[in-house]
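Now for the letters of each chain:
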Amino acid sequence: MTNQRLIPALVATLACGLVQAATPAAIPEFVGTDAAFASNAIYFVMTDRFVNGDRSNDHRHQGGAHPTFNIPVTGAPKGESANIGYLGGDFKGLLENAGYIREMGFGAVWITPIVDNPDQAFTGGDPVHWGSKFTDQGKTGFHGYWGVNFYKLDEHLPSKNLDFAQFTRKMHAQGLKVVQDIVLNHGSPAFSMPVRQPQFGQIFDQHGKLIADQQNLPPYKLDPVRNPLHRFYHAYDDLVQLSNNDDQNPAVLDYFVSAYNQWIDQGADAFRIDTISHMSTAFWKQFSARIRARHPGFFMFGEAFDYSPDNIGKFTWARNGGISVLDFPLRGRVAEVFEHPDSDYAKLLDRLYLTNGPYQNPYELVTFYDNHDMARLKASDNGFIDANNWLFTARGIPAIYYGSEIGFERGKAEHEGNRNYFGQQRIDDAPKSLIYRQLKRIARLREVTPALQRGLMLPIRFAGNQAAFYRVYQKGNTHQIALVLLNKGDQAADFTVSDALQAGHWKPAFGGENITVTHGGSLHATVTAHGVQVYLLDAQATRPDLVAALTRSMQERGHPID
């Protein structure tokens, strides 16, 4: 890799004559993010589908004529299955496997919503069948996103001496933070039922009092002016038959601020916000301000299921609440690159937005390649390994959906197995999987490497099967430069790096002899097929062109007008 390979930003920096050596009296800070939560990789669990640790809370006979437990999706091909009923996963099953998650190198577990959901299967909407989308007839609230009382814990989750506060305390004791998935945009399915069902379309307060009820009416028939029970909702529909909470009603904001402060008080460490783009930035600015007034610096990231960075970036801006987001634009390119062996790493570059981009801080985005709302990554074992090597070394906070550590149900969408039960046996067998072993290797490296967690990212070369970049963190007494080399090819690859390469003794993170680089020298390395190597230099950045590039990246890290 010659200097001609260096990214245009660095070349431009040199051309503009911005090269300045750091003075001993004023060591510059080079930081991607100092958000404390950014140190933690996230393991995303659909709680009901992870492990059934306590059969006594399954409520297998709940629902009467509309039962809620174990409802197979109809039309499944031979040998395949999906389910839209509860399957028993709970806090106890998750807590009993906290060590499994922690051992992999994760510092946080994102769980699906914990609030009370209806006690019957939904009878309205369109019937669920194999491969269907936006269909809810026959489905239950096993996923947690159909809240009816946002102050009340759903009965399928706790066990004796294990309510939410006890659960978070015990997870913390095992070294895991808890990300609570929260919903404000909608409650449960609210209309189109042949016969009105209890709880659907209703919302209750902390005392169990009914405060909102759509009364099985289509939204256009709501009368918020005359009927107090309709005032919580917009009089127009949004997502399928779900109630549509009115983000312009101060009572809606008051309700959710109070409810979710309660769960923070019980140990929630961060929020993932469902359907953030379905409510206004004015609403989120107020919500964020009120949450952080009581809990300064509380980390939140939203789901705007949108691949346009211009559409989702605005939620991250300080003037709109400063809420991070799931990185859908990058996710689209990640799937393109790692699902297809002949793809080019260069496709990832224009979705990093490292300088003057659409986000307040690109280093605080939550990066991922699949989740519960889309088809799982359809990749080979090597594709998963390469994708994980990327997520855990590039900018952002990586989130892995449960089961991806073994390629569970790869390529399957929601009603095709995406949300299937994982179970204890798969967890016990996970170490046999090459995907698991390689994920653990790279995740545990990130866990102990500040530059990979929070450092600035400087691309060197992205071409074909090879990617090379720096991550640099320099603040206080921590000075670390990481050189990341990725090879997604089927053959070992040789790398030669000289661009902005600082002299010193570079230590290979995965073992081996140090490489001594002289001033103006190069680093030569061979990376195995579908492998990663990270070289670390625990020293202050002093090479002039490196310092200049880092200085520019630091100055232009965020959205230019925010």
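Data block above holds the structure.
Residues numbered from 1 in each chain as written. Predicted model: local features only at pLDDT ≥ 70, side-chain atom pairs only at ≥ 80, totals over all residues. Heavy atoms only, no water.

Re the overall build of the chain
- Counting its regular elements, the chain contains 13 helices and 20 strands.
- The C-alpha radius of gyration computed for the chain amounts to 25 Å, which stays within 12% of the reference 24 Å derived for 562 residues, consistent with globular compactness.
- By principal-axis analysis of the C-alpha atoms, the chain measures approximately 75 × 50 × 40 Å.
- Counting all 562 residues of the chain, 60% fall into the buried class. (Helix = DSSP H or I, 4+ residues; strand = E, 2+ residues; numbered from the N terminus. Rg over C-alpha atoms; globule rule 2.2 N^0.38 Å. Buried < 20%, exposed > 50% of the residue type's maximum accessible area, 1.4 Å probe, protein only.)

Topic: the environment of glycine 321
- In this structure, glycine 321 sits in the loop between α7 (309–313) and β10 (324–325).
- Counting along the chain gives 202 residues from glycine 321 to aspartate 119, while the straight-line C-alpha distance between them is 35 Å.
- Apart from the residues lying within four places of it in its own chain, the contact partners of glycine 321 are Trp284, Lys285, Ser288 and Arg292. (Contact = heavy atoms within 4.5 Å.)

Considering the nonpolar core
- Residues Phe271, Phe287, Trp390 and Tyr470 are the most contacted members of the largest nonpolar core, which totals 159 residues.
- Element by element, the count of residues in this core is highest for helix α5 (residues 250–265), at 9 residues.
- Of all hydrophobic cores here, the second largest spans 7 residues; its members include Val73, Ile84, Val128 and Trp130. (Core = buried A, V, L, I, M, F, W, Y, C linked by side-chain atoms within 4.5 Å.)

Focus: the sheet that holds strand β17 (residues 504–508)
- Strand order across the open sheet formed by 6 strands is β13-β14-β15-β20-β17-β18, with antiparallel pairing between neighbours. Lying at the two open borders of the sheet, with one neighbouring strand each, are β13 (456–463) and β18 (515–517). On average, each strand axis in the sheet is tilted by 20° relative to the strand beside it, whichever way the strands run.
- For β17 and β18, the ladder comprises 3 bridges, and the chain directions are antiparallel. Opposite tryptophan 506, over in β18, you have isoleucine 515 as the bridge partner.
- Across the sheet, helix α13 (residues 544–555) lies against β13, β14 (466–475) and β15 (478–487), angled at about 110° from β13, the strand it touches most. (Pairing = 2+ DSSP bridges. Axes fitted to C-alpha atoms, helices over the stretch in contact; angles between N-to-C directions.)

Description of unusual backbone geometry
- You will see that glutamine 215, though not glycine, has its phi angle at about 60°, which is positive.
- Along the polypeptide, glutamine 215 turns up in the loop between β7 (210–213) and α5.
- Since its relative accessible area comes to 26%, glutamine 215 is described here as partly exposed.
- Phi is positive for asparagine 216, close to 60°, though the residue is something other than glycine.
- Position of asparagine 216 among the secondary structure elements: in the loop between β7 and α5.

Overview of the environment of arginine 60
- Assignment of secondary structure puts arginine 60 in the loop between β1 (42–45) and α2 (91–95).
- The partly exposed category is assigned to arginine 60, whose relative accessible area is 35%.
- Taking the C-alpha atoms as reference points, arginine 60 and leucine 87, 27 residues apart in sequence, are found 8.9 Å from one another.
- A polar atom in the side chain of arginine 60 sits 3.0 Å from the side chain of aspartate 58. (Polar contact = N/O pair within 3.5 Å; in protein donor to acceptor, adjacent residues only side chain to side chain.)

Examining the pairing of β15
- Across the 10 residues that make up β15, a large majority, 9, are buried.
- The pairing of β14 with β15 spans 10 bridges and is antiparallel. If you follow alanine 467 over to β15, its bridge partner there is leucine 486.
- Linking β14 back to β15 in an antiparallel pair, the connection comprises 2 residues, with glycine 476 at a positive phi of about 60°.

Overview of the pattern of salt bridges
- Applying the stated criterion to the full structure yields 31 salt bridges.
- In this structure, the salt-bridge partner of arginine 272 is aspartate 274, at a minimum N-O distance of 2.9 Å.
- A residue is classified by how much of its surface remains accessible, and arginine 272, at 0% relative accessible area, is buried.
- For the salt bridge of glutamate 336 with arginine 333, the shortest nitrogen-to-oxygen distance reads 3.8 Å. A residue pair is termed a helical-turn pair when its members lie 3 or 4 positions apart in one helix, as glutamate 336 and arginine 333 do in helix α8 (residues 328–339) at 3 residues. (Salt bridge = Lys/Arg side-chain N within 4 Å of Asp/Glu carboxyl O.)

Description of the packing of α5 against helix α6 (residues 281–294)
- For the pair α5 and α6, interaxial distance at closest approach is 10 Å and the crossing angle is 35°. Judged by the sense of rotation from one axis to the other, the crossing of α5 with α6 is right-handed. When α5 is examined against α6, the residues Val252, Leu253, Asp254, Phe256, Val257, Tyr260, Asn261, Ile264 and Asp265 are found in contact with a partner set consisting of Phe283, Gln286, Phe287, Arg290, Ile291 and Arg294.
- In the contact of α5 with α6, the residues fall into 9 nonpolar, 2 polar and 4 charged. (Left-handed = near helix turned anticlockwise from the far one by under 90°. Nonpolar A, V, L, I, M, F, W, Y, C, P; charged D, E, K, R; others polar.)

Remarks on α8
- Counted at 1.5 Å a residue, the expected span for α8 with its 12 residues is 16 Å, and the 16 Å between its end C-alpha atoms agrees.
- Most of α8 sits out of view: 10 of its 12 residues are buried.
- Buried residues in α8 make contact with α7, β11 (366–367) and α9 (381–391).
- Two or three places before leucine 330, at the start of α8, stands the capping residue aspartate 327, its side-chain oxygen 3.1 Å from that residue's backbone nitrogen. (Expected span 1.5 Å × (residues − 1).)

Examining α5
- The first and last C-alpha atoms of α5 sit 22 Å apart over 16 residues, in line with the 22 Å expected at 1.5 Å per residue.
- For α5, the full list of buried residues reads Val252, Leu253, Tyr255, Phe256, Val257, Ala259, Tyr260, Asn261, Trp263 and Ile264.
- The distance from a side-chain oxygen at the start of α5 to the backbone nitrogen of alanine 251 is 2.9 Å, and the residue carrying that oxygen is asparagine 249.
- Backbone geometry just after α5 places glycine 267 at a positive phi near 120°.

Quick look at the environment of glycine 332
- Relative to the assigned elements, glycine 332 resides in helix α8.
- For glycine 332, a relative accessible area of 17% gives the class buried.
- Spatially, the C-alpha atoms of glycine 332 and tyrosine 307 are 7.1 Å apart, while their sequence positions differ by 25 residues.

Here we look at the sheet that holds β10
- Strand order in the open sheet made by the 8 strands is β10-β9-β8-β5-β2-β1-β12-β11, with parallel pairing throughout. Strands at the two margins of the open sheet, each flanked by one partner only, are β10 and β11.
- Packing of α6 onto the sheet brings it into contact with β5 (177–182), β8 (270–273) and β9 (299–302), and relative to β9 it is tilted by some 155°.

Some details on the pairing of β7
- By the bridge criterion, 3 bridges tie strand β6 (residues 202–204) to β7 in an arrangement that is antiparallel. The partner of glutamine 202 across the bridge, within β7, is aspartate 213.
- Between β6 and β7, which follow one another and run antiparallel, lie 5 residues, and glycine 208 among them has a positive phi close to 85°.

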